[in-house]
Each structure stands twice: as C-alpha cells, then as structure tokens.
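Working through the structure, step by step
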Amino acid sequence: MRQSHHKLTVATSGQGFYDITADVVARLSADRYRTGLLTLFIRHTSASLLIQENADRDVLDDLTAFLARVAPERQSLYRHVAEGNDDMPAHIRAALTQTHLAIPIVDGRLGLGTWQAIYVVEHRRAPHARLVLFHVLGD
Amino acid sequence: MRQSHHKLTVATSGQGFYDITADVVARLSADRYRTGLLTLFIRHTSASLLIQENADRDVLDDLTAFLARVAPERQSLYRHVAEGNDDMPAHIRAALTQTHLAIPIVDGRLGLGTWQAIYVVEHRRAPHARLVLFHVLGD
Amino acid sequence: MRQSHHKLTVATSGQGFYDITADVVARLSADRYRTGLLTLFIRHTSASLLIQENADRDVLDDLTAFLARVAPERQSLYRHVAEGNDDMPAHIRAALTQTHLAIPIVDGRLGLGTWQAIYVVEHRRAPHARLVLFHVLGD
C-alpha cells in the first residue's frame, strides 16, 4: 500500500454548487490506484463539500434555496455580524454539509454512483479561492 | 497493512431507517483485522447513511419526523418536481445526513459505542435497492 | 505505511462547543507522521464532532442557537421523551453534525485551515464524559 496527496484550488463567484468531479478524477488518474480510498478535505468554515445529484441543475438550485431558508440572512438572528450578513449563515450552512468526504476506489475507478457528483459549496456572496486537500491511499 | 472491499445491497420499502450493523459486522469478520479503519459509502443521492441510537425505536421515528418537517413534501417549495413530490425532499434529507461513514477497528472489533447502530436512511417512498460500498484497511 | 490509535475523553458541562484541537495535535505529535490521514470518531449519539471557526466565540454561540432553533426542546414534537426534554433534540442535533471527521496530515502537520478548530459538540444539558477514538495512518 502507498499514499499520495494533491491540492485543488476552486475559484468561486458567489453562493452555489461548483462541480469538481472532473478535476478530482484528473488528479487521481496519474496515481494509478486499483483499490483504495480517496479523502477530500476543504480548509474553510464558510464553504463545504457535498456529494449530490449531477443530472438536473434544479436540484442544486433547490438545495441552495433550502440552505437559505433554514439559515437565513437575517441579522437579528445572529451575534456574529461584523463580517457581513452572509457570514454567519455561511458557517451554519457549512456545518450542515461536509468538511470532508471519503470515496472508495474500486477497479481503478472512483466508486461514485451514476448520478453522484462532488461539489464545493460556496456559502459566501463574494468570490473566494477555496483550497481542497486530497489524500489517497491504496494499491 | 492491507485493504479489502465489499458491497452490500439494502432493499428498502419506503422512508425510514434500516439497521445494517449486523451485515457490516458479518462482512468484516472474515477479514480478521485487529486494528484498522472501515469506510462505508452509499452510491445514491436520495438515500444516506447515519449512525444513531439503537435502543429506542421512537428515536428513529422522531428523526424521520424531523426530516419531514425540515424538508417537507410541499411542491411549491421546489423546482425539481418531475420525479415526484418526495424526490427533492429526499435529496435535501440526504444532504443533511451522510454519504459516507468511517469507523475505527480496535482490538478486532468495530469501535461503535454501546448505543450506536449504522443505518441506511431511505428518503424515497417507493422501494429501492441501495448499494453500499465498503473499504477496509488495517492489520 | 503504518497506523496507530488513541483515545480522548472529553468532560463536558452542558450544551456547547469544546475545542479539542490542542489535545488532538498533542496525541498526534508523538506518532511523527509526515504524510497521512487522521480519523476521529465519537462513540455517542447525543454528542458529535464538528470543524468550525476558532476566531470569534460568537460563531459558536450562534451555531448553538441555530441548533436549538432547528430542533427545539418542545416535548409535543417528539415521542422519545423518557430521557428528558433535551434528549431527542440532542439526537437530531448530533444527526445534523458529524460522528466522524477525517483530516489529512501534510508535511508533518494536521491540514487544518487557519480558522479551523476541531470541536466536540455536547447536545445534552447534564455533564458527560465523551469518548473520541483516533485512527491514524501514514508514513
């Protein structure tokens, strides 16, 4: 067994879902693992990771709307308001989703289902550069 | 160190929690790891994984009711309605829970707490076959 | 590649966030991994793990308030009430956050972002001893 690691910087331009599946697959392919485990980790607390449907763009818009509904940008709800009205809702929406993901590698391929894609979810309104760490182990 | 992988198909019959702990333990036992890490990954976006209490069935019913409350089947809330009123709520409920879980193996046993069980959570009303991938590594 | 494991018991005194980052780093340092993966697992269903901001204490208070809002201590909402009004909300709040976390080790250091800390989140009102398992692998 061996391991490797990579980095991916994702440039975001406002709230929403950024599909990084192709970037992840590209970075993995050079490693040539047959069997193993990929772990992704995002180094932020107002952006997050999520595996969700890749078929209908409406699903992602509905998820964005849900997160806005459950953690609204309403200043009266929060103490932490110095960094903008969208900052505390961003932390909550990140807390409800994932800081890390792990996906098995089977027969040389990432074990995602047919309809699964890997997303960076940006929860802030302003553009950001979001850093995702990769850890891979296997044979 | 070595690794192994397995699959488990779970036949669901409507929304709710399906305890797969015994199936997971059974698949692990043949591998005879003393120390290691188990990762489970579900290849779906409208069913998910969760570790929760195994003692009182009411806890699971209350969790199901909570998920129905936070992401209700109300068509006016969603754009993605073509696949049924329960489809978009299913994606949201899956997003709020887990696509993967990892559990350490200690002294030859899965490191679950006394009251912890591993569940596949079905978020759709119709029966489905849900595929869970296992990755195990250790000594 | 090699692996190691550790335990950490966290004494909690009511609902809120307990920063365990320094304890995690201390336990890891003796292992002297250059590259690897740390997995943390909490053996409870009414306390959980979360990576969130470490800079402004208000963020943690706002997260606590959010969890109280989304899963309130209102007996009429739940069947599972025998263990106290705070028990079922605790299970829901644990389900919305994490039972396990994984963090890559890069260049001999835990790959956390500048503003990220690792928290045990206690969801019960009474003091508890919460057990966190560590699994580490790498070189």
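Please refer to the structure placed before this passage.
Structure report, in brief.

Here is what the cut-offs are and how they apply
- Residues numbered from 1 in each chain as written.
- Chains lettered and ligands numbered in written order.
- Predicted model: local features only at pLDDT ≥ 70, side-chain atom pairs only at ≥ 80, totals over all residues.
- Least-squares fit on C-alpha atoms with pLDDT ≥ 70 in both.
- Contact = placed C-beta atoms within 7 Å.
- Core = buried A, V, L, I, M, F, W, Y, C linked by C-beta atoms within 7 Å.
- Buried ≥ 20, exposed ≤ 12 C-beta atoms within 10 Å, placed from the backbone.
- Pairing = 2+ DSSP bridges.
- Helix = DSSP H or I, 4+ residues; strand = E, 2+ residues; numbered from the N terminus.
- Axes fitted to C-alpha atoms, helices over the stretch in contact; angles between N-to-C directions.
- Nonpolar A, V, L, I, M, F, W, Y, C, P; charged D, E, K, R; others polar.
- Parallel < 35°, antiparallel > 145°, perpendicular 65-115°, else oblique.
- Left-handed = near helix turned anticlockwise from the far one by under 90°.

Observations regarding the relation of the copies chain B and chain C
- By a simple turn and slide, chain B fits onto chain C: the slide is 0.0 Å along the axis, the RMSD is 0.0 Å, and the turn is 120°. Considering both components of the superposition, the chain copies are consistent with a three-fold axis. Distance from the rotation axis, computed per C-alpha, reaches its smallest value in chain B at Leu 96 of chain B: 3.5 Å.
- Residue by residue, only 14% of the interface of chain B is reproduced at the interface of chain C, so the copies engage with different surfaces.

Observations concerning the nonpolar core
- Counting 123 residues, the largest nonpolar core has Tyr 119 of chain A, Tyr 119 of chain B together with Tyr 119 of chain C as its most contacted members.
- Residue contacts for Tyr 119 of chain A: discarding those within four places in its chain leaves Phe 17, Tyr 18, Asp 19, Ile 20, Leu 49, Leu 50 and Gln 52 of chain A.

A closer look at the sheet that holds strand β4 (residues 47–53) of chain B
All names here are of chain B.
- Pairing is antiparallel across the open sheet formed by three strands, whose spatial order is β2-β7-β4. The strands lining the two open edges of the sheet, one partner per strand, are β2 (16–19) and β4. Pairwise comparison of adjacent strand axes, ignoring direction, gives a mean angle of 40° for this sheet.
- When β4 meets strand β7 (residues 116–122), the two strands line up antiparallel, connected through seven bridges. Looking at β7, one finds that Gln 52 is bridged to Ala 117.

Observations concerning the interface of chain B and chain C
- Taken together, the contact between chain B and chain C spans 28 residues of the former and 23 residues of the latter.
- Breaking the side of chain B that touches chain C down by element, the ones donating at least two residues are β4, α2 (57–70) and β5 (100–106) of chain B.
- Sort the elements by how many residues they give to the side of chain B that touches chain C and α2 of chain B lands first, with seven residues.
- Counted by class, the side of chain B that touches chain C contains 16 nonpolar, seven polar and five charged residues.

Looking at the packing of helix α3 (residues 87–96) of chain A against helix α2 (residues 57–70) of chain C
- The contact between α3 of chain A and α2 of chain C brings their axes to 10 Å, and the two run at 60°. Judged on the interaxial angle alone, α2 of chain C and α3 of chain A are oblique. Along this stretch, α3 of chain A crosses α2 of chain C, giving a crossing that reads as right-handed. Only Val 59, Asp 62, Leu 63 and Phe 66 of chain C of α2 of chain C make contact with α3 of chain A, whose side of the interface consists of Met 88, His 91, Ile 92 and Ala 95 of chain A.
- Residues belonging to the contact of α3 of chain A with α2 of chain C are distributed by class as follows: six nonpolar, one polar and one charged.

What to know about the interface of chain A and chain C
- Taken together, the contact between chain A and chain C spans 23 residues of the former and 28 residues of the latter.
- Residue assignment for the side of chain A that touches chain C shows that the elements contributing at least two residues are β1 (2–13), β3 (36–42), α3, β5 (100–106) and β8 (127–138) of chain A.
- Per element, the largest residue contribution to the side of chain A that touches chain C is five residues, and it comes from α3 of chain A.
- Within the side of chain A that touches chain C, the residues separate by chemical class into eleven nonpolar, ten polar and two charged.

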